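# Working through the structure, step by step
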Amino acid sequence: MLIKEKLPPLFNFDALPEPTYTGNGLTDQDVISVSQFDTERLDYIFSRAGEMRELVERVGSTDLLRGRVLACLFYEPSTRTSASFISAMERLGGGVIPITQGVQFSSVSKGETLADTIRTLEQFSDVIVLRHPTVGSAQVAADYAAIPVINAGDGPGEHPTQALLDLFTIKEELGRINGLKIAMVGDLRYGRTVHSLTRLLTQYDVSLRFVSPEILRLPLTIMNQVIDAGIDVRETHDVADVIKNADVLYVTRVQKERFTDLAQYEEVKNHYEITPELMAIAKQDMVVMHPLPRVGEIHYAVDDDPRAAYFRQVRNGMYIRMALLAAVLGKA
Ligand code: ASP
């Protein structure tokens, strides 16, 4: 009979050291506001986004999120945000429920509340991306859902994933964030991308210039956050005041859908246009960005200028959203 004379001691799992990996802090979390992102978390997302870029360029897709489902629920129009979330999920091997082509075709048009729609979608999915016209709606949805909710724009409130991709783009284009002079142009009052990006930038050593018509100035609460952060900040009505020194020109559309008085919109809608003539006085390595869609703020003749980064910015959105989905779904 072959009996081992001496068995080796049982492996003692209790003696294992505590794992040092603490995760990225985003797993199972909602993404509602940029205030959830400190510089450490931003660096994490940016480096994961860089990996996602490599992955897509090398092999196109992976099966990291195979078997997971994303519900995309959009109560407002979208091209880039919805398409990039869908593409991100599919490139990670997951599936998508796309309610993006108008909630009028869903039970929302029958009068279903946001709460009930969210509680329904969470039965089928692992994460919900929500765009809604009301400020605070993403938080309301998150309060009802047991699965993570990602804010894809809550009215004129925030658009955190856009701000992440904007900041990532600045870093990719110019190699740094600290020390830059960043000018934001256009509808600073209603532009949620401006609100989120400005809030993120308060964590960095940057100078900010805000260029808008009087009625579209940055809301005071956000301006106060900028001032409290000790940032060098100025406001003006004229792009020509800032373009010579700017490292980044972040141009935005006047948000027609937020105006109650359309005559007021008409007054300010054509206030700015970035033209080749204006570009001629800008720095050679300045970067022009725009969250898009543009409706006349940047002349088409600027598109061939190597400083025009807005379509590279769009692509970066996919990498950032891949990184975010993987993190939220625990594939850090
Ligand atoms: N696409 C961006 C947003 O959803 C910018 C815009 O619509 O002007 O906020």
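Overview of the structure. Since the model is a prediction, treat every value here as computed from it, not as a measurement. Every chain begins its residue count from 1, and numbering advances along the sequence as written. Side-chain atom pairs in this predicted model are given and counted only at pLDDT of 80 or more, local residue features only at pLDDT of at least 70, and totals for whole chains, interfaces and linings cover all residues. As a convention, hydrogens and water are excluded, and side-chain values are obtained from all of the structure's heavy atoms.

Let's shift gears to the layout of surface pockets. Reported here for the largest pocket is a volume of approximately 410 Å³. Points on a 1 Å grid over protein atoms alone make up a cavity when a 1.4 Å probe fits among them but cannot get out, and a pocket when they form an open set with protein on both sides within 12 Å along at least five of seven lines; lining residues each have an atom within 4 Å of a point. Lining the largest pocket are 20 residues; nearest its centre among them are R131, R192, R253, L292 and P293. Numbering of helices and strands runs from the N terminus, with a helix taken as a DSSP run of H or I at least four residues long and a strand as a DSSP run of E at least two residues long. Elements with a minimum of two residues in the lining of the largest pocket: helix 2 (80-91) and helix 6 (192-201). Under the scheme applied, nonpolar residues are Ala, Val, Leu, Ile, Met, Phe, Trp, Tyr, Cys and Pro; charged residues are Asp, Glu, Lys and Arg; polar residues are all the others, including Gly. Looking at the lining of the largest pocket residue by residue, the class counts come to 4 nonpolar, 10 polar and 6 charged. Grid points are joined across faces, edges and corners, and a volume is the space filled by probe spheres set on the points.

Quick look at the site of the ligand now. It suffices for a single heavy atom of a residue to lie within 4 Å of a molecule or strand for the residue to be listed as near it. Around the ligand lies a shell formed by R131, H159, R192, T193, R253, Q255, P291, L292 and P293. Residues adjacent in sequence count toward polar contacts only when both atoms are side-chain atoms; beyond that, a polar contact is any pair of N or O atoms within 3.5 Å, and within protein one must be able to donate a hydrogen and the other to accept it. With respect to the ligand, the side chain of R192 contributes an N or O atom lying 2.8 Å from an oxygen atom. Contact distances for the ligand include 2.8 Å between an oxygen atom and a side-chain N or O atom of R253. Those molecules having more than half of their atoms within 2 Å of a cavity or pocket grid point set are described as sitting in that cavity or pocket. When atoms are counted within 2 Å of each cavity's grid points, the one that captures over half of the ligand is the largest pocket.

Now for the environment of H195. Following the sequence through the fold, H195 ends up in helix 6. Spatially, the C-alpha atoms of H195 and G157 are 7.3 Å apart, while their sequence positions differ by 38 residues.

What follows concerns the side chain of E158. Mapped onto the fold, E158 is located in the loop between strand 4 (149-154) and helix 5 (160-174). Side chain to side chain, E158 and S196 meet in a polar contact 2.7 Å long. Beyond its immediate chain neighbours, meaning those up to four positions away, E158 contacts I32, S33, V34, N151, G153, R192, S196 and R199. Note on contacts: a residue pair is in contact if any heavy atoms of the two residues lie within 4.5 Å.

Another point: the packing of helix 2 against helix 10 (residues 310-328). Angles shown run from 0 to 180 degrees and are taken between the N-to-C directions of axes, each axis being a line fitted to C-alpha atoms and, for helices, limited to the stretch in contact. Put simply, helix 2 and helix 10 touch, their axes get as near as 8 Å, and they point 50° apart. On the basis of their axis angle, the class for helix 2 and helix 10 is oblique. The handedness of the crossing between helix 2 and helix 10 comes out as right-handed. Contacts between helix 2 and helix 10 involve R80, T81, S84, F85, S87, A88, M89 and R91 from the former and V314, G317, M318, R321, M322 and L325 from the latter. When grouped by side-chain class, the residues that make up the contact of helix 2 with helix 10 number 7 nonpolar, 4 polar and 3 charged. If an angle is under 35 degrees, it is roughly parallel; if it is over 145, roughly antiparallel; if it lies from 65 to 115, roughly perpendicular; otherwise it is oblique. Take the far helix as the reference: if the near one is turned anticlockwise from it by less than a right angle, the crossing is left-handed, and if turned clockwise, right-handed.

Further remarks concern the sheet that holds strand 5 (residues 181-185). Pairing between two strands requires that DSSP report at least two bridges joining them. What the 5 strands build is an open sheet, ordered 7-6-5-8-9; its pairing is parallel. Only two strands of the sheet have a single partner each, and these edge strands are strand 7 (232-236) and strand 9 (287-289). Between one strand axis and the next, the sheet turns by 15° as a mean value, whatever way the strands run. Summarising the sheet, strand 5 and strand 8 (residues 248-251) pair through 4 bridges and their orientation is parallel. Residue V185 lies in a different strand from strand 8, and its bridge partner there is V251. Against the sheet, helix 5 touches strand 5, strand 8 and strand 9, its axis set at about 165° to strand 9.

Let us now look at empty space enclosed by the protein. Scanning the entire structure with this criterion turns up 2 cavities of 30 Å³ or more. The computed volume of the largest cavity comes to approximately 80 Å³. As for the largest cavity, its lining consists of 13 residues, and the residues nearest its centre are R80, Q162, L165, Q313 and V314. Those elements that place two or more of their residues in the lining of the largest cavity are helix 2, helix 5 and helix 10. With 5 residues, the top contributor of residues to the lining of the largest cavity is helix 10. Here the lining of the largest cavity is composed, by residue class, of 5 nonpolar, 6 polar and 2 charged. Estimates place the volume of the second largest cavity at around 60 Å³. Around the second largest cavity sit V185, G186, D187, V251, T252, V254, K269, H271, Y272 and E297, which together line it. Taken together, the residues of the lining of the second largest cavity break down into 4 nonpolar, 3 polar and 3 charged.

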